[in-house]
Amino acid sequence: MRAFRGIPGEMTVDFGKGDSMVIYGDNGTGKSTIADALEWYFTGGIDFLSHEGRQHAVSYVGGERGEATSVEVFTNGSLGGKIVIPDERSVETFQAIRRETFLLRGRTLADFINKTKTEKWKSLVEILGLEAIENLREDLQRARNELRKLSKAGDEEVRSYRRALGSGSDDVSDDMVLGSLQQICTMLGVDPPQTLDQAIDPSWLTAAAGASAAVSKGSDRERLLAEIKTLSPPAFDRRAVEAWNELVSSDRAKLLPRASLVREAKRLFETGSTDKGRCPLCGQKVDDTSLAQRIERALADVMAASRDLESVRDSVAQLADDLEAAHDLRRSIHTRGSAMELELPPVPDLPHVVLSNSVEALAPVTVDAIASAVSDLRKWDRSAGTIAGKASSAEPGSRDTQLVMLAALCQQVNAWRVAEKKAARAHRALALAERVFDAYQSRQKDDLTELLKQISLRVAKIYATLHPGENLDAVSVEPWTAKGIELAIEFHGSRQRPPHGVLSESHLNSLAIALFLAMAESFNEQIGFLLLDDVINSFDVEHRGRLAEILADEFSEWQIIVLTHDQPFFEHLSRRAPSWRRLEFTSWSHASGPRTTQYETTDILRDAHERLDRGDTHDAAARARRALEELLQEVCEALWAPLPFRRGQANDKREIGELLKGLRRTLKERAKPQLESLEPLLKNLEADVGAALNVAVHASRARPGGSEVRSALERIAVLDDTWTCPECRTRVWHRGTPDAGRCKCGQSSFPPVRLLTGR
Amino acid sequence: MHRPSAQEFLQALLETLDDLPTEFARRFEEILKKDEADRSQALRQLFEDLAGD
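Residues numbered from 1 in each chain as written. Chains lettered and ligands numbered in written order. Predicted model: local features only at pLDDT ≥ 70, side-chain atom pairs only at ≥ 80, totals over all residues.

**Points about the overall build of chain A**
Threshold: Here a strand is any run of E in DSSP of at least two residues, a helix any run of H or I of at least four, and the numbering for each starts at the N terminus. To assign burial, the other C-beta atoms lying within 10 Å of each residue's own C-beta are counted, with C-beta atoms placed from the backbone; 20 or more indicates buried, 12 or fewer indicates exposed, and intermediate counts indicate partly exposed.
A count of helical and extended segments in chain A gives 24 helices and 14 strands. Expressed as a percentage of its 759 residues, the buried residues of chain A come to 33%.

**Some remarks on the sheet that holds strand S12 (residues 735-737) of chain A**
Residue and element names in this part refer to chain A. Where we set the bar: A pair of strands is considered paired only if DSSP assigns at least 2 bridges between the two.
An order of S12-S13-S14 is seen for the three strands of this open sheet, with the pairing classed as antiparallel. Every interior strand has two partners, whereas the edge strands, S12 and strand S14 (749-750), have only one. Pairing of strand S13 (residues 740-742) with S14 involves two bridges; the strand directions are antiparallel. Pairing of Gly-741 across the sheet is with Phe-750, part of S14.

**A look at the sheet that holds strand S10 (residues 581-589) of chain A**
All names here are of chain A. To keep things clear, this is the line we draw: Structural elements are reduced to axes, namely lines fitted to C-alpha atoms, with helices fitted over the stretch in contact, and the angle between N-to-C directions of any two is expressed from 0 to 180 degrees.
Pairing is mixed across the open sheet formed by six strands, whose spatial order is S4-S8-S9-S1-S10-S11. Pairing within the sheet leaves two strands with one partner each, and these edge strands are strand S4 (103-105) and strand S11 (593-596). Mean inter-strand twist for the sheet, computed between neighbouring axes without regard to direction, equals 20°. Relative to S10, strand S1 (residues 21-25) runs parallel, the two being bridged by five bridges. Each residue of the ladder has a partner; that of Met-21, found in S10, is Arg-581.

**Side note on the nonpolar core**
All names here are of chain A. Worth spelling out the cut-off: Working definition: the nonpolar core is a set of buried Ala, Val, Leu, Ile, Met, Phe, Trp, Tyr and Cys residues, joined through C-beta atoms within 7 Å. Throughout, a residue-residue contact means that the two C-beta atoms, derived from backbone geometry, are no farther apart than 7 Å.
The biggest cluster of nonpolar side chains holds 112 residues, and the ones touching the most others in it are Ile-23, Ala-433, Val-459, Ala-514, Leu-515, Leu-531 and Val-562. It is helix H14 (residues 367-466) that provides the largest number of residues to this core, a total of 22 residues. Those residues within four positions of Val-562 in sequence are excluded, and the remaining contacts are Val-22, Ile-23, Leu-532, Leu-551 and Leu-573. Of all hydrophobic cores here, the second largest spans 36 residues; its members include Leu-224, Ile-295, Val-302 and Leu-309.

**Notes on the interface of chain A and chain B**
In plain terms, the rule: Each residue receives one of three labels: charged for Asp, Glu, Lys and Arg, nonpolar for Ala, Val, Leu, Ile, Met, Phe, Trp, Tyr, Cys and Pro, and polar for the others, Gly being one of them.
Chain A puts 28 residues into the contact, and the matching count from chain B is 22 residues. Among the elements of the structure, helix H4 (131-165), H14 and helix H15 (505-523) of chain A are those that each provide at least two residues to the side of chain A that touches chain B. Ranked by the residues each element gives to the side of chain A that touches chain B, the list is headed by H14 of chain A, at 13 residues. Looking at the side of chain A that touches chain B, its residues break down into 16 nonpolar, four polar and eight charged.

**Side note on the packing of helix H18 (residues 601-613) of chain A against helix H23 (residues 706-722) of chain A**
Packed helix pairs are characterised by how far apart their axes lie and by the angle those axes make with each other. All names here are of chain A. What counts here: Note on angle classes: values under 35 degrees are labelled roughly parallel, values over 145 roughly antiparallel, values of 65 to 115 roughly perpendicular, and the remainder oblique. By convention the crossing between two helices is left-handed if the near helix lies anticlockwise of the far one by an angle smaller than a right angle, and right-handed if it lies clockwise.
Two elements in contact, H18 and H23, have axes separated by 11 Å at closest approach and are oriented at 165°. One element, H18, and the other, H23, form an angle in the roughly antiparallel class. The way H18 lies across H23 gives a crossing that is left-handed. Contacts between H18 and H23 involve Thr-601, Leu-605, Ala-608, His-609 and Leu-612 from the former and Gly-706, Val-709, Arg-710, Leu-713, Ile-716, Ala-717 and Asp-720 from the latter. Among the residues making up the contact of H18 with H23, the classes are represented as seven nonpolar, three polar and two charged.

**Description of the confidence of the model for chain B**
All names here are of chain B. The following threshold applies: Every residue carries a pLDDT, the predictor's confidence in it, which falls somewhere between 0 and 100.
On average, residues of chain B carry a pLDDT of 84, and 91% of them reach 70 or more. Predicted confidence in chain B is weakest over helix H1 (residues 6-16), with a mean pLDDT of 86, and strongest over helix H3 (residues 36-51), with 88. Per the prediction output, this complex has pTM 0.57; the corresponding ipTM is 0.96.

**Focus: the environment of Asp-540 of chain A**
Checked against the element boundaries, Asp-540 of chain A lands in the loop between strand S8 (529-533) and helix H16 (541-554). Residues Asp-540 of chain A and Ser-506 of chain A lie 34 residues apart in sequence; the distance between their C-alpha atoms is 8.6 Å.

Structure (structure tokens):
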């Protein structure tokens, strides 16, 4: 850990090869920094510092200039590495690790227990790594809900069409709608559809409309009305009639009756059928020539009159015919109209008979009477036309309305059918979605229930070990709803779920520890260590002892790191688990950070060399001085060097001179030859402390150079190596006592064997 | 303790829904690979498609 949390420089904690460790320290000595470092390394954050305005405290606050915050973790697997601020790891980096359970802190001990059922579910789903399954379940649920809405909307649409077809009532059957269609078709005179499917066929509607039009055009009524509309009185040429009257009233008209006689006379005369010299008409004796001329003249006059007559008679005769035809037609229309309940006015009498007789008799006619008759006829036509117009205008409108009604009804039926199909499809889709969702959720619940069952067994066992004979057993984690879980416990015969009402705070904390250990045991795949930071605060001595036993006995395969400020628990756990490493945090200062019983000479020396390489002679000298202090403290402690008693943290602040004095005294008593061989080195180091490693001197003009500091560092390293086995690199007091210590491999010892032999 | 992946879970689920068309299983597995933002819509479409006309 470098420039991290409460560590201004660098601090190394040696866990060996995955050894368990119990770490003791009073409040504020910095022991939780270890938990912070591991939490930051493995999760990318420190929960306690995740709130706004706290994140900066991941780095050492007020740290040395330019010091980068970093945490380096060494593991026997692939999880090790070094993280430097700014931490550029993505969220995905931690996805797998977040499923692992490895850290339990006193301050958040009961967090899981105090969560709601749904929160517990979500936490467990995350711990179990079932987010992907849960996310898919949520997507399925969203799809199901959307289909539910769609299905409901479809039903509502169908209902609205049914209401429209049922005139407000949605109790509509196919037969009822078919009945309505048939009624309209009957009015239109077309064949009704046999089924609603036929009615919604566009080709049927087109055919029905066509048939309706054909029926309408071909009806007598239609024809009659159309006929009436086309009526007009015969043309009346007053001048022609007046010309007739003038002609037949003139003298020339009197010739006309003779015309046949004259023609007969001419025929007889020309055929010689008459006696010569006699009139063929009267038989009187006449000159043939004269007779012939007279006949010719008479004939010419007659012919001229006849031509004049012809020229006017045709018009009048035509008028007589036209009037007669007009009269007959209107009488016919009247008769047919009456049959069709068409109320037409009486047809006026017309003078066509009189007119015909007059033509025959070459008699004049009354012009005004004819004009009046034509006028009456026109009035009748207009009146009949109006009636026919009304009748015909109503008639096609009714048909159109019926056609529109038919089309609208067919359209509604079609829309109803489409809506029904749509709703039916939505129902099918919903049924399918619900089936799949239910199956999914059921399986998910079954799977989780099985997992919970297994966890529950382990939780119950750990809890029972923590609280034997308390009649609080059958602890379990149970599914509560489809998306909720809850803790439960048998409390003197009653099932308590959640157990908060019947358990004390320490019992709930025990439950949390049991759950933590069981989940880690059940689900951890990558992380093989568990870190418990001040979790026993609410436990009494007896329960602390039981927890120590569980950790030492049942989790011996795990690397357990226990942080505590409770010295009896620290001592108890150290005795109960002698193979565990021990580390004591003794003090913390802003300048040098935490001090522990773990000596860090090697690390401090390396740091000093790095600073020297960077040209920072002043800092390198300070670190070298600190390394010498650290080394002398370690040797004095290991060899039980006689030093004056100091109380509390002052013990950590002994001067180098005092420590060297203690070392010399103990070497003089137990390893005098070694003291003699070391004395030149110790004297040089004393000189270094007054010069090259004197920080105050570094501020003066005659400050020592880098080479002098480097030489001092080499001398410290030589002294450090004096106490280290060259074979196994452990200290010469690794085993045994200060009177007879040896390294791990046994090759090196204190007092040194060689020197002893040479004595 | 084995924690099933979403793929394994889905596979086991589909085996219990073996009366559904094979098309359903194939498309459901494809949907699992989609971005989560698109999945609920894709699932809805799948159910609607299988509901037929």
